[in-house]
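Each chain, written out:
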Amino acid sequence: MKKKNKNKSLVSQTIHMFVIQSALLGIVIVTYICVSYYTVLENMQTSSRNLLQLYGKELENKLENADMLLERLIYKNNDYDMLQSEKESERYYASIEIKKIIQEQITYDQYVDAVVIGDSTYGSCLDYENSDMAYQEREDLRQYALERAKEGSAKAEWMIVRIGLQNYVSKMYVWQGRSAGIFISVDHFMDNVTKKNLQKIFILLKDEQQKVWGGCGKQEFTCEIGKELQATPQSLGVYKNDYTLADGKLQLSAYVSKSQVVGQIRWNMILVLLILAGFSVFFINFLRREMLAPMGHMQRSMEQMQTGNREYRITKEFESNEFIVLKDAFNRLMDEIMKLKIQSYE
């Protein structure tokens with residue numbers, strides 16, 4: 001029975017070693033990319049949370065100042081009570097004093113768009129706007145305040161309401177047939193962060209039913225105003241952080257796109273892949289030039305000797321010392337064989 005040859009080709013072993021080294025290098029590169037990805041992701045999420053906290057605090061201050069204005073108008077304010085006086089003159093002078101209070105406060109806190117007071121008893125309405133509000137918008141707010149006053153009483157809480165063609169962040173006190181409300185347009189309410197800080201973050205304003213009413217920043221997906229966002233963050237390819245306002249009545253959601261994270265490490269990935277490709281090309285060329293080509297030439301020389309070509313000599317010039325030594329040894333061996341052959345004939 002013929003014994004199986006267990007000898008292995010040096011070329012095959014060299015190629016196997018190269019494949020193994022390339023696989024290990026690939027694992028290192030993949031690990032580096034994954035670590036870079038999650039590091040950048042964590043940094044962006046931390047930045048998103050910090051910006052959201054800062055943004056949320058500023059919006060909370062807006063709401064708190066608006067609350068103070070409303071409380072100043074209705075609590076322990078004789079002029080507010082006098083709006084329901086039977087005497088028209090008293091109601092007139094009370095409205096003048098209240099308007100002064102509103103004007104002073106809104107002039108200082110310019111984020112408030114309008115303050116409207118409605119009375120269902122006399123069907124009167126007192127309003128003040130801080131911006132260049134269109135006549136129809138003003139009439140829509142007055143009508144809304146009068147309709148709320150007719151409710152008699154209602155719980156005062158922050159909400160987002162659509163009045164006419166505008167969406168407002170609003171809070172209204174309704175008691176004894178009177179209403180006093182403050183209105184901030186959603187766009188004005190959200191206009192608190194510079195665009196530079198929102199280049200990589202998209203912030204949405206939602207109500208407690210999770211309906212979307214406004215947004216700012218780099219929009220990563222489409223959303224319809226006044227409707228819930230049906231898609232999940234996973235399906236949208238984003239990461240989300242939340243911040244609640246007004247005892248949970250309002251919510252800010254900050255979204256960071258996964259594509260933004262990839263964009264942050266894109267050049268690192270390209271550089272690493274170029275280095276890997278360059279290393280592979282260099283190593284393959286080096287292996288072919290310094291080992292595979294000389295070994296192939298030596299193998300063909302041995303085959304020439306096996307066929308009986310005693311005149312064959314290796315004339316190729318090698319660069320490595322090892323193959324130079326093998327070349328000289330082969331040529332000397334061939335010379336010795338020729339001498340022995342000549343002597344045998346003599």
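All values derive from a computational prediction rather than experimental measurement. Sequence positions are assigned chain by chain, starting from 1 and proceeding in written order. Residue-level local features of this predicted model are given only where pLDDT is at least 70; pairs of side-chain atoms are given and counted only at 80 or more, and the full residue set underlies all totals for whole chains, interfaces and linings. The side-chain values count all of the structure's non-hydrogen atoms but skip hydrogen atoms and water molecules.

Looking now at the sheet that holds strand β7 (residues 212-217). If DSSP finds at least two bridges between two strands, the strands pair. For the purposes of this entry, the term helix denotes a DSSP run of H or I that reaches at least four residues, the term strand denotes a run of E that reaches at least two, and both are numbered from the N terminus. The sheet built from 4 strands is open, its strands ordered β7-β6-β9-β8 with antiparallel pairing. Of all the strands in the sheet, just β7 and β8 (238-245) have a single pairing partner and so form its edges. On average, each strand axis in the sheet is tilted by 20° relative to the strand beside it, whichever way the strands run. Pairing analysis gives 5 bridges linking strand β6 (residues 202-207) to β7, with the strands arranged antiparallel. Bridging across to β7, Lys 206 finds its partner in Val 212. For helices, the fitted axis covers only the stretch in contact; all axes are lines through C-alpha atoms, and the angles between them, taken along N-to-C directions, range from 0 to 180 degrees.

Opposite charge on two side chains makes pairing possible when the charged atoms of those side chains draw close. Definition used for salt bridges: Asp or Glu carboxyl oxygen within 4 Å of a side-chain nitrogen of Lys or Arg. This structure, assessed with the given rule, holds 12 salt bridges. Among the salt bridges present, the one from Lys 57 reaches Glu 60, with a minimum N-O distance of 3.9 Å. Placement of the pair is Lys 57 and Glu 60 together in helix α1 (residues 10-74), with a separation of 3 residues, close to one helical turn. On the basis of relative accessibility, which here comes to 45%, the residue Lys 57 falls in the partly exposed class. Residue classification places Glu 60 among the partly exposed residues on the basis of a relative accessible area of 21%. Between Arg 142 and Asp 127 there is a salt bridge whose closest N-O contact spans 2.3 Å. For every residue, the accessible area obtained with a 1.4 Å probe (protein chains only) is divided by the maximum for its type, and the residue is called buried under 20%, exposed over 50%, and partly exposed between those limits.

With that settled, the discussion passes to the sheet that holds strand β2 (residues 124-129). On the basis of which strands lie adjacent, the open sheet formed by 5 strands has the order β2-β1-β5-β4-β3 and antiparallel pairing. Each having just a single partner strand, β2 and β3 (159-163) make up the two edges of the open sheet. Strand-to-strand, the axes of this sheet are offset by a mean angle of 30°, without reference to chain direction. In this description, contact between two residues means that some pair of their heavy atoms is separated by no more than 4.5 Å. Helix α4 (residues 135-149) rests against β1 (114-119), β2, β3, β4 (166-175) and β5 (178-185) of the sheet, and its axis sits at about 45° to β1.

We now examine the side chain of Asp 119. Along the polypeptide, Asp 119 turns up in strand β1. When charges are counted, neither His nor the chain ends are considered; positive counts come from Lys and Arg and negative counts from Asp and Glu. No salt bridge is formed by the buried Asp 119. Its closest oppositely charged neighbour is Arg 178, at 5.0 Å. Here a polar contact is taken to be a pair of N or O atoms separated by no more than 3.5 Å, where protein atoms must pair a possible hydrogen donor with a possible acceptor and residues adjacent in sequence count only if both atoms sit in side chains. Polar side-chain contacts of Asp 119 include one of 3.3 Å to the backbone nitrogen of Thr 121. With residues up to four places along the chain from it excluded, the contact list for Asp 119 reads Gln 84, Ser 124, Leu 146, Ala 149, Gly 177 and Arg 178.

With that settled, consider the nonpolar core. By nonpolar core we mean a set of buried residues, namely Ala, Val, Leu, Ile, Met, Phe, Trp, Tyr and Cys, connected to one another through side-chain atoms within 4.5 Å. By size, the foremost hydrophobic cluster in this structure holds 53 residues, and its most contacted members are Leu 73, Ile 117, Val 169, Ile 203, Leu 205 and Leu 252. When residues in this core are grouped by element, the largest group, 16 residues, is from α1. Apart from the residues within four sequence positions on either side, Ile 117 is in contact with Leu 73, Tyr 80, Leu 83, Ile 98, Ile 102, Ser 124, Cys 125, Leu 126, Ser 179 and Ala 180. Met 133, Met 172, Val 174 and Phe 183 belong to the second largest nonpolar core, which has 14 residues in total.

To continue, consider the confidence of the model for the protein. Each residue carries a pLDDT score, the predictor's own confidence in it, on a scale running from 0 to 100. Chain-level pLDDT for the protein is 79 on average; 88% of the residues reach the 70-or-more range. The secondary structure element of the protein with the lowest average pLDDT is helix α6 (residues 233-236), at 68, and the one with the highest is β3, at 93. Considering only residues more than four positions removed or in separate chains, one finds that residues 1-5, a stretch of pLDDT under 50, has 0 contacts.

What follows covers the environment of Gly 152. Residue position: Gly 152 is located in the loop between α4 and β3. What makes Gly 152 partly exposed here is its relative accessible area of 24%. Once the C-alpha coordinates of Gly 152 and Asp 119 are considered, the two residues, 33 residues apart in sequence, prove to be 10.0 Å apart. Beyond its immediate stretch of four places on either side in the chain, Gly 152 contacts Val 174, Trp 175, Gln 176 and Gly 177.

What follows deals with the pairing of β1. The element β1 is extensively covered by neighbouring structure, given that 6 of its 6 residues are classed as buried. Neither face of β1 is left uncovered, since the one carrying Ala 114, Val 116 and Gly 118 and the one carrying Val 115, Ile 117 and Asp 119 both have all their residues buried. Pairing analysis gives 6 bridges linking β1 to β2, with the strands arranged antiparallel. By the bridge assignment, Ile 117 is partnered in β2 with Leu 126. What sits between the antiparallel neighbours β1 and β2 is a turn of 4 residues, in which Gly 123 has the positive phi angle 65°. Where β1 meets β5, 6 bridges bridge the pair, whose relative direction is antiparallel.

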